[in-house]
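Coordinate analysis (summary)
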Amino acid sequence: MWNWAENQVILVFIRHGETKANKEGRYLGKTDESLSEEGIKSLLTYKRENCYPEIKYLFSSPMKRCLETAKILYPDVSPATIPEWKEIDFGQFEYKNYKELMKDRQYQSWVDSKGSMPFPGGESRENFISRCERGFIKMWDQLGQALGQNRKEVVHTGIIAHGGTIMALLSRHGGKHYFDYQVLNGRGYICRIKGWGAHTMFQAVTKL
């Protein structure tokens, strides 16, 4: 059994590196795009600057941009993939940017709702957060199996995911609004954890 009087988990959330679509301000959801050359260079620069803590366990979205980021940042740690952590489905807005959508009435309605409306032909924020949470519980189950018997240590665990996934999980457990947790490519948050699984609370959230 995991003894919370003696043990702690620190989660390191990292948004994947930049892609071509990210640079162009496009809504990048289900499109399985790789990192751009600039994105790779930025990750390597951050790594040289010791921006990323050492970790023992690693979990990732299964999309290329996340797995490629995981391989660059933590080449010696094999990530377990969590399918539920794929980015939100942007529906009709997928791979389009503001300039291409600004005259779209559906897009204007979505903007006027401050992002609370479901994406046309896509996913609602509520369903997305619930999906990410299911993946979060799955992560805890796998982490518990990996840890096995009670031990006295601080367990550093990395999560390589999308900006939306990070916003979903932190808004669920961190105490602030969804958009309060926006983060740049290659950056993220370090969270000290209290509780387990669905009962997890983030005691401290600091920017990476």
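Presented here is a report on the structure given in the accompanying data block. (Residues numbered from 1 in each chain as written. Predicted model: local features only at pLDDT ≥ 70, side-chain atom pairs only at ≥ 80, totals over all residues. Heavy atoms only, no water.)

**Observations concerning the overall build of the chain**
Where we set the bar: Elements are defined by DSSP. Helices are runs of H or I of four residues or more, strands are runs of E of two residues or more, and each kind is numbered from the N terminus. We take the radius of gyration over the C-alpha atoms and set the globule estimate at 2.2 Å times the residue count to the 0.38 power. Buried, partly exposed and exposed residues are distinguished by accessible area as a fraction of the type maximum, computed with a 1.4 Å probe on protein chains only: under 20%, between the cut-offs, and over 50%, respectively. The contact criterion used is simple: two residues touch if any of their non-hydrogen atoms lie within 4.5 Å. With residues, only the protein chains shown are counted as cover, and all accessible areas are computed by Shrake-Rupley using a 1.4 Å probe. Charge counting treats Lys and Arg as positive and Asp and Glu as negative, with His and both chain ends excluded. By convention, the point assigned to a charge is CZ for Arg, NZ for Lys, CD for Glu and CG for Asp.
Of the regular secondary structure elements, the chain holds seven helices and six strands. What you see in the chain, going N to C, is helices and strands ordered as β-α-α-β-α-β-α-α-α-β-α-β-β. On C-alpha atoms alone, the chain measures out to a radius of gyration of 17 Å, which is about the 17 Å that the 2.2 N^0.38 rule sets for 208 residues. If you line up the chain on its principal axes, its C-alpha atoms span 60 × 35 × 25 Å. When burial is assessed residue by residue, the chain has 49% of its 208 residues classed as buried. Relative to all contacts within the chain whose residues are 6 or more apart in sequence, the contacts with residues 24 or more apart total 71%. As presented, the chain carries roughly 10,800 Å² of accessible surface, and 50% of it is formed by carbon and sulfur atoms. When the 30 basic and 24 acidic side-chain charges of the chain are each reduced to a single mean position, those positions are 2 Å apart.

**Considerations on the packing of helix H6 (residues 125-147) against helix H7 (residues 163-173)**
Put simply, the test is: Interaxial angles span 0 to 180 degrees and are taken between N-to-C directions of axes, which are lines fitted to C-alpha atoms, for helices over the stretch in contact. Oblique is the label for every angle not falling under 35 degrees (roughly parallel), over 145 degrees (roughly antiparallel), or within 65 to 115 degrees (roughly perpendicular). Only Asp, Glu, Lys and Arg are considered charged in this grouping, and only Ala, Val, Leu, Ile, Met, Phe, Trp, Tyr, Cys and Pro are considered nonpolar; every other residue, Gly among them, is considered polar.
One can describe the packing of H6 onto H7 by two numbers: an axis separation of 9 Å at closest approach and a directional angle of 80 degrees. By the angle class used here, H6 and H7 are roughly perpendicular. On H7, the residues touching Phe-128, Ile-129, Ser-130, Cys-132, Glu-133 and Phe-136 of H6 are Gly-164, Thr-165, Ala-168, Leu-169, Ser-171, Arg-172 and His-173. A breakdown of the residues in the contact of H6 with H7 according to their chemical character gives six nonpolar, five polar and two charged.

**Observations concerning the sheet that holds strand E1 (residues 8-15)**
What counts, and what does not: Note: two strands are recorded as paired if DSSP finds a minimum of 2 bridges between them.
An order of E3-E2-E4-E1-E5-E6 is seen for the six strands of this open sheet, with the pairing classed as mixed. What marks the edges here is a single partner per strand, and that holds for strand E3 (80-81) and strand E6 (201-207). In the sheet, E1 pairs with strand E4 (residues 154-161) via eight bridges, with the strands oriented parallel. Paired with Val-9 across the two strands is Val-155, which belongs to E4. Across the face of the sheet, helix H3 (residues 64-73) comes into contact with E1, strand E2 (57-60), E3 and E4 while running at roughly 140 degrees to E4. Lying on the sheet, H7 is in contact with E1, E4, strand E5 (188-194) and E6; it crosses E1 at an angle near 145 degrees.

**Describing the environment of Gln-203**
Looking at the element boundaries, Gln-203 is found in strand E6. Since its relative accessible area comes to 53%, Gln-203 is described here as exposed. Each C-alpha atom, one on Gln-203 and one on Ile-40, is 32 Å from the other, the two residues being 163 residues apart in sequence. Discounting chain neighbours no more than four positions away, the residues touching Gln-203 are Arg-192, Ile-193 and Lys-194.

**Considering the pattern of salt bridges**
Condition: The working definition used for a salt bridge is a side-chain nitrogen of Lys or Arg within 4 Å of a carboxyl oxygen of Asp or Glu.
Across all of its chains, the model carries six salt bridges by this definition. Between Lys-23 and Glu-38 there is a salt bridge whose closest N-O contact spans 3.5 Å. Linking Lys-23 in helix H1 (residues 20-23) with Glu-38 in helix H2 (residues 37-48), this pair joins segments that are 15 residues apart in sequence. On the accessibility criterion, Lys-23 (53% relative accessible area) is exposed. Taking the relative accessible area as the measure of exposure, Glu-38 reaches 44% and is therefore partly exposed. Salt-bridge contacts for Glu-100 lead to Arg-26; the nearest nitrogen and oxygen are separated by 2.8 Å.

**What about the pairing of E4?**
Burial within E4 is extensive, with six of its eight residues counted as buried. Where E2 lies against E4, four bridges are found, and the strand directions are parallel. By the bridge assignment, Ser-60 is partnered in E4 with Ile-160.

**Overview of the packing of aromatic side chains**
Two aromatic rings are characterised by how far apart their centres lie and by the angle between their planes. To keep things clear, this is the line we draw: Stacked, edge-to-face and tilted labels apply to pairs of Phe, Tyr and Trp rings (six-membered ring for Trp) whose centres lie within 6.5 Å, assigned for plane angles under 30 degrees, over 60, and everything in between, in that order. Charge-over-ring contacts are defined here by two conditions on Lys NZ or Arg CZ: a distance within 6 Å of the ring centre and an angle within 35 degrees of the ring normal.
All chains considered together, the criterion is met by 14 aromatic pairs. Over the face of the ring belonging to Tyr-46 we find Arg-187, whose NZ or CZ atom lies 4.5 Å from the ring centre.

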